[in-house]
Amino acid sequence: MLWDKFKDHFHESWHDVMRPFIESEECDAIYEHLKTESRRGKKIAPLSSVTYKCFKVTPLNEMKVVLLGMCPYHTQLNGLPVADGLLMGCSVADKLQPSLEQFYGAVEKDCYNGLNLKYNKNTNVEYLAEQGVLMLNAALTTEINKAGSHLKIWEPFIKYVFENAIADKRVSVVFLGKEASKFKRYMPPLTWSFELSHPASASYKNAEWDSEGVFTKVNRVLLDEKKTQIYWLDEHLPF
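Predicted model, so just to flag it, every value in this text is computed and none were measured. (Residues numbered from 1 in each chain as written. Predicted model: local features only at pLDDT ≥ 70, side-chain atom pairs only at ≥ 80, totals over all residues. Heavy atoms only, no water.)

> In this structure, what is going on with the overall build of the protein? I would like to understand it.
Along the backbone of the protein there are ten helices and eight strands. Taken over C-alpha atoms, the radius of gyration comes to 17 Å for the protein, in line with the 18 Å a tight globule of 239 residues would show. In terms of principal-axis extent, the alpha carbons of the protein reach across some 50 × 40 × 35 Å. Counting all 239 residues of the protein, 51% fall into the buried class. In the protein, 66% of the contacts between residues at least 6 apart in sequence involve partners at least 24 apart. Accessible surface for the protein amounts to roughly 12,000 Å². Of this, 50% is attributable to carbon and sulfur atoms. (Helix = DSSP H or I, 4+ residues; strand = E, 2+ residues; numbered from the N terminus. Rg over C-alpha atoms; globule rule 2.2 N^0.38 Å. Buried < 20%, exposed > 50% of the residue type's maximum accessible area, 1.4 Å probe, protein only. Contact = heavy atoms within 4.5 Å. Areas by Shrake-Rupley, 256 points an atom, 1.4 Å probe, with all protein chains shown as cover.)

> For this particular structure, what's the right way to read helix α10 (residues 214–224)?
Buried within α10 are the following residues: Val214, Phe215, Val218, Asn219, Val221 and Leu222. Buried residues along α10 cover an arc of 155° about the axis, so they all sit on one side. Facing away from the buried side of α10 by over 90 degrees, the exposed positions are Arg220, Leu223 and Asp224. Where α10 is buried, its residues touch β2 (65–69), α5 (98–112), β7 (172–176) and β8 (193–196). Directly after α10, the chain includes Lys226, whose backbone phi takes a positive value near 60°. (Arc of directions from axis to C-beta.)

> What is the right way to look at the pairing of β7 in this model?
For a regular strand, side-chain orientation follows a simple rule: the groups alternate between the two sheet faces. Among the five residues in β7, five count as buried, and that is most of the element. In this sheet, β7 lies alongside β2 in parallel orientation, the contact comprising four bridges. Directly across from Leu68, in β7, lies its bridge partner Phe175. As paired strands, β7 and β8 are joined by four bridges and run parallel to one another. The residue of β8 that forms the bridge with Leu176 is Leu196. (Pairing = 2+ DSSP bridges.)

> Explain the packing of aromatic side chains here, please?
Two measures describe an aromatic ring pair: the distance that separates the ring centres and the angle between the ring planes. A full pass over the atoms with the stated rule returns 21 aromatic pairs. On the numbers, 6.3 Å between centres and 70° between planes, the contact of Trp209 with Phe215 is edge-to-face. Here Trp209 matches Phe215 in class, with each residue buried. Put simply, the rings of Trp3, Phe6, Phe10, Trp14, Phe21, Tyr31, Tyr52, Phe55, Trp154, Phe157 and Tyr160 touch in pairs and so form one group of aromatic residues. Directly above the ring of Phe6 sits Lys5, whose terminal nitrogen or CZ lies 5.9 Å from the centroid. (Phe/Tyr/Trp six-rings, centres within 6.5 Å; stacked < 30°, edge-to-face > 60°. Lys NZ or Arg CZ within 6 Å of the ring centre and 35° of its normal.)

Interpretation note: all reported values are geometric properties and have no functional meaning in isolation.
The following block contains the structure:
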């Protein structure tokens, strides 16, 4: 059974929610597609061991906010996928990617107004995931050098997550880009959601990404709900 194969890829708090989907025919179709592509010699990102990493690092009962992007990085470095299983994370290759650099710049401008010059531009975004930020993509995999190539096959999975986990928790969701925004229809009414361009689009245009103050907005929501706010920058300085 697929669940026996994959359950350790999820934090135990996700088990009851995710098991029905992992055991469904829809999940069988995803898995078979990925196996078929691999047999045909297609290279897929990220590594299979970290495909579900966002569900491992962020416990369901600690989730405060969801950042939903498009798909993992579709590039390789030194023969390894750049993607590490978390939205915008690039810790496998340990080389800062333009999208993540745009993200950090926007956070600093929003939260510190250009005055924080000593934060880490960390390739590992687990510091956010561990605070309750679900760093999720609309597709958990992609073919190398083909951005967005697996969006369609993962749509049933993301729909399920929204309807059976995210909607129930009524957490704030930040949709990054048009592909992510398609899932807004699965949000319940009267919940906080924010629709922005993806940081990658600003990089393509050689422009500065406008976060529209979303990071301070999310923290205000958390404050109103008497929850701990998110430290959006990694400020643990190396000695």
